[in-house]
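Descriptive analysis of the structure
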Amino acid sequence: MTPSARWGRLAADLTELGVEVRVVEQSYTQELYGRVQHGVSRSITFRHPGGGLVEVHDKWWRKNPDVWIGWQVHVENCDSIEVQHWPITKKRSEVVAAVRDALALSVSA
């Protein structure tokens with residue numbers, strides 16, 4: 001499955017949950033170990049009802065940046081302080097559950 005299809009399915013599941021989201025794609029170029037790499041970074045970020053942000057982003061293996069290890073969800077309060085994060089997972093259902101749990105959190109400063 002291509003990364004854009006993977007993110008599209010996740011966005012559809014989150015929309016079904018009742019969260020209005022859009023996948024943000026940013027192209028990047030970096031040099032790693034003397035080798036130039038190009039790619040696309042994808043994420044979903046939306047406002048928490050109590051203030052702050054909920055973010056879903058990719059995690060890649062640091063020893064081989066070509067290996068995707070899953071999604072991670074985290075919540076920040078209004079002061080950009082992380083309130084909670086969930087384990088990295090490749091399962092969309094776990095990401096949707098983490099977002100549901102994130103929306104139930106109190107993120108006041």
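**Details of the overall build of the protein chain**
In terms of helices and strands, the protein chain carries two helices and five strands. Judged by the C-alpha coordinates and their principal axes, the protein chain covers about 45 × 30 × 20 Å. Taken over 109 residues, the protein chain has a buried fraction of 34%. The long-range share in the protein chain, meaning contacts at least 24 apart out of those at least 6 apart in sequence, stands at 37%. Total accessible area on the protein chain is roughly 6900 Å²; 49% of this is exposed by carbon and sulfur atoms.

**Things to note about the pattern of salt bridges**
Oppositely charged side chains can pair when the atoms bearing their charge come close. Evaluation of the coordinates by the stated rule reveals four salt bridges. Note that Glu25 and Arg42 form a salt bridge whose closest N and O atoms lie 3.0 Å from each other. With Glu25 in strand β1 (residues 24-32) and Arg42 in strand β2 (residues 35-47), the pair connects residues that are 17 residues apart, well separated along the chain. Residue classification places Glu25 among the partly exposed positions, given a relative accessible area of 46%. What makes Arg42 buried here is its relative accessible area of 12%.

**Re the packing of helix α1 (residues 3-17) against helix α2 (residues 92-104)**
The interhelical angle for the contact between α1 and α2, taken along N-to-C directions, is 40 degrees, at an axis separation of 10 Å. Compared by their axis directions, α1 and α2 come out oblique. For the pair α1 and α2, the crossing hand works out as right-handed. The segment α1 lies against α2, with Arg6, Arg9, Leu10, Asp13, Leu14 and Leu17 engaging Arg92, Val95, Val96, Val99 and Arg100. When its residues are assigned to classes, the contact of α1 with α2 shows six nonpolar, no polar and five charged.

**Side note on unusual backbone geometry**
One non-glycine residue, Ser80, lies in the positive phi region at around 65 degrees. By the secondary structure assignment, Ser80 is in the loop between β4 (68-76) and β5 (82-85).

**Considering the nonpolar core**
Counting 21 residues, the largest nonpolar core has Leu10, Ile44, Val56 and Val73 as the members making the most contacts within it. Counting residues per element, this core draws most heavily on α2, at five residues. Discounting residues that sit within four places of it in the chain, Val56 has contacts with Trp7, Leu10, Ser43, Ile44, Trp71, Gln72, Val73, Val95 and Val99.

Rules used throughout
Residues numbered from 1 in each chain as written. Predicted model: local features only at pLDDT ≥ 70, side-chain atom pairs only at ≥ 80, totals over all residues. Heavy atoms only, no water. Helix = DSSP H or I, 4+ residues; strand = E, 2+ residues; numbered from the N terminus. Buried < 20%, exposed > 50% of the residue type's maximum accessible area, 1.4 Å probe, protein only. Contact = heavy atoms within 4.5 Å. Areas by Shrake-Rupley, 256 points an atom, 1.4 Å probe, with all protein chains shown as cover. Salt bridge = Lys/Arg side-chain N within 4 Å of Asp/Glu carboxyl O. Axes fitted to C-alpha atoms, helices over the stretch in contact; angles between N-to-C directions. Parallel < 35°, antiparallel > 145°, perpendicular 65-115°, else oblique. Left-handed = near helix turned anticlockwise from the far one by under 90°. Nonpolar A, V, L, I, M, F, W, Y, C, P; charged D, E, K, R; others polar. Core = buried A, V, L, I, M, F, W, Y, C linked by side-chain atoms within 4.5 Å.

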